[in-house]
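# Breakdown of the fold
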Amino acid sequence: MSTDPGLLAAEAQVRNARARLFTTLGEVQERLKPVNLAQNAVETAAQGVASTARKGVEVVRSRPFVAAAIAGTVGLVFARGWIADLLRRRNETAPAVEGLNSKTSAKPAKKGQPK
């Protein structure tokens, strides 16, 4: 082995640098494990959802009537098929409405026929 102080100092620097490199590589490998990546993704998504929910609650508290109107509109849009079915069934089961003169038909005349 050499006894040159400059060479010994350089070898010590190399050993320290190698030790730091392997420590950093170990940390990177730990972070890149699929389990850790998935856990980080879930935590990030949960934080995003919680943040969005908090903002939504703040908006609803500041303007409750606007929020109720929007919620009602969205509800009606989603229920439009169900509402149409109810109205269709109601019209099918309702008795036919007769005019003032019971001899006239409640059905409209076909095109080209006299009324």
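In this report, we go over the structure that sits alongside the text.

How each quantity is defined
Residues numbered from 1 in each chain as written. Predicted model: local features only at pLDDT ≥ 70, side-chain atom pairs only at ≥ 80, totals over all residues. Heavy atoms only, no water. Helix = DSSP H or I, 4+ residues; strand = E, 2+ residues; numbered from the N terminus. Areas by Shrake-Rupley, 256 points an atom, 1.4 Å probe, with all protein chains shown as cover. Polar contact = N/O pair within 3.5 Å; in protein donor to acceptor, adjacent residues only side chain to side chain. Salt bridge = Lys/Arg side-chain N within 4 Å of Asp/Glu carboxyl O. Buried < 20%, exposed > 50% of the residue type's maximum accessible area, 1.4 Å probe, protein only.

### With respect to the overall build of the protein
The number of helices and strands found in the protein is four helices and zero strands. Along the chain direction, N to C, the helices and strands of the protein fall in the order α-α-α-α. Counting every atom, the protein has about 10800 Å² of accessible surface; 63% of that belongs to carbon and sulfur.

### Side note on the environment of threonine 73
Looking at where threonine 73 falls in the secondary structure, it is placed in helix H3 (residues 64-78). From its side chain, threonine 73 meets the backbone oxygen of alanine 69 in a polar contact 2.8 Å long.

### A word on the pattern of salt bridges
A complete count under the given rule lists two salt bridges for this structure. The salt bridge involving glutamate 30 is made with lysine 33; its shortest N-O contact spans 3.3 Å. Overall, lysine 33 belongs to the partly exposed group, its relative accessible area being 42%. We note a salt bridge from aspartate 85 to arginine 88, for which the minimum N-O separation is 2.8 Å. Here the residue aspartate 85 and the residue arginine 88 both occupy positions in helix H4 (residues 80-93), the gap between them amounting to three residues, near one helical turn.

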